[in-house]
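Take a look at the letters that make up each chain.
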Amino acid sequence: MKSESFLKKEDLNALFGNLEEIIPFQSEFLESLTEATAVSVGLTTAASVRNMSFSIAGTFLYYAEHFKLYSAFCASHTRAHEVLNRDDPRLDAFLDARNPKKELSSSLDSLLILPIQRVLKYPLFLKEMHKLTEEGSSEHELLWDAISSVETVANYINEVQRVYDSYHTLFEMILKNARIKELGVRVSIDELVHQCSVMWLNPIDDMQKGWKKGLGPEMNCFVLML
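## Topic: the packing of helix α1 (residues 9–16) against helix α5 (residues 77–84)
- It is the contact of α1 with α5, at a shortest axis distance of 7 Å, that shows an interaxial angle of 120 degrees. With respect to each other, α1 and α5 are oriented oblique. Here α1 and α5 pass one another in a crossing that is left-handed. Residues Glu10, Asp11, Ala14 and Leu15 of α1 form the contact with α5, whose participating residues are Arg79, Ala80, Val83 and Leu84.
- Partitioned by chemical class, the residues of the contact of α1 with α5 number five nonpolar, no polar and three charged.

## Notes on the pattern of salt bridges
- For the coordinates displayed, the defined rule picks out eight salt bridges.
- Between Arg162 and Glu159 there is a salt bridge, and its shortest N-O distance comes to 2.6 Å. Of this pair, Arg162 and Glu159 both sit in helix α8 (residues 138–178), three residues apart, which is roughly one turn of that helix.
- When its relative accessible area of 37% is taken as the criterion, Arg162 is described as partly exposed.
- Owing to a relative accessible area of 34%, Glu159 belongs among the partly exposed residues under this scheme.
- Among the charged side chains, a network of salt bridges with common partners joins Asp11, Arg79 and Arg86.

## Points about the packing of aromatic side chains
- All told, the structure shown has twelve aromatic pairs when counted by the stated rule.
- An angle of 25 degrees between the planes, with centres 6.3 Å apart, marks the rings of Phe25 and Phe29 as stacked. On the criterion of helical spacing, the pair formed by Phe25 and Phe29 is a turn pair, its members being four residues apart in helix α2 (residues 19–38).
- The buried category is assigned to Phe29, whose relative accessible area is 2%.
- Considering the side-chain rings of Phe60 and Tyr122, the 5.2 Å spacing of their centres and the 70 degrees angle between planes classify their relative orientation as edge-to-face. Of this pair, Phe60 sits in helix α3 (residues 46–63) while Tyr122 sits in helix α7 (residues 108–131), and the two are 62 residues apart along the sequence. For the pair Phe60 and Tyr122, one class covers both residues: buried.

Criteria and thresholds
Residues numbered from 1 in each chain as written. Predicted model: local features only at pLDDT ≥ 70, side-chain atom pairs only at ≥ 80, totals over all residues. Heavy atoms only, no water. Axes fitted to C-alpha atoms, helices over the stretch in contact; angles between N-to-C directions. Helix = DSSP H or I, 4+ residues; strand = E, 2+ residues; numbered from the N terminus. Parallel < 35°, antiparallel > 145°, perpendicular 65-115°, else oblique. Left-handed = near helix turned anticlockwise from the far one by under 90°. Contact = heavy atoms within 4.5 Å. Nonpolar A, V, L, I, M, F, W, Y, C, P; charged D, E, K, R; others polar. Salt bridge = Lys/Arg side-chain N within 4 Å of Asp/Glu carboxyl O. Buried < 20%, exposed > 50% of the residue type's maximum accessible area, 1.4 Å probe, protein only. Phe/Tyr/Trp six-rings, centres within 6.5 Å; stacked < 30°, edge-to-face > 60°.

The values are spatial; any link to function lies outside them.
As structure tokens, this is what we get:
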């Protein structure tokens, strides 16, 4: 799609985001997960099942923080949906040619949501494994740690998406007005650490117009990791 002239750079970014970062990471994770399951080929004994459960839990625990890569991709999905559903005959023709049977599961919109669904289902998968392990066993405890870590990341991804949906336009306006991008500094909403509202206690005179004395203007504050 990059070679097609009817899509702007910002449209491509909205559709595919940071997939170029996600794909090599996901390949590495898959390889590690395959190795984790290979330790118990055949699953002929209870010990082999326990070893596999322990290895899978360890793999998820090790890579949990890396799944934050999905936050930017998930956050821009709303924008991607808008791009795919706008009135553009050239884009429609391009997509129809690659999905002639118009199968919903093969549509680009459906394919783009699969990574989001997968990463948010990881906690459910681990919880089902946790139920099948013996309480007090090493694999039972490690699976619980993995569940906690992956749930924390899933909650982070959901929060970044919420902030993106609520403040994306404002966020981009701030970056443009501050000319941060012109300085060559990459700032993305997926690097969000914290978002909150702040009340100015000592605003300058121009900022006090329209506000009650002593209250000051309330503003959105974004804390990012650069």
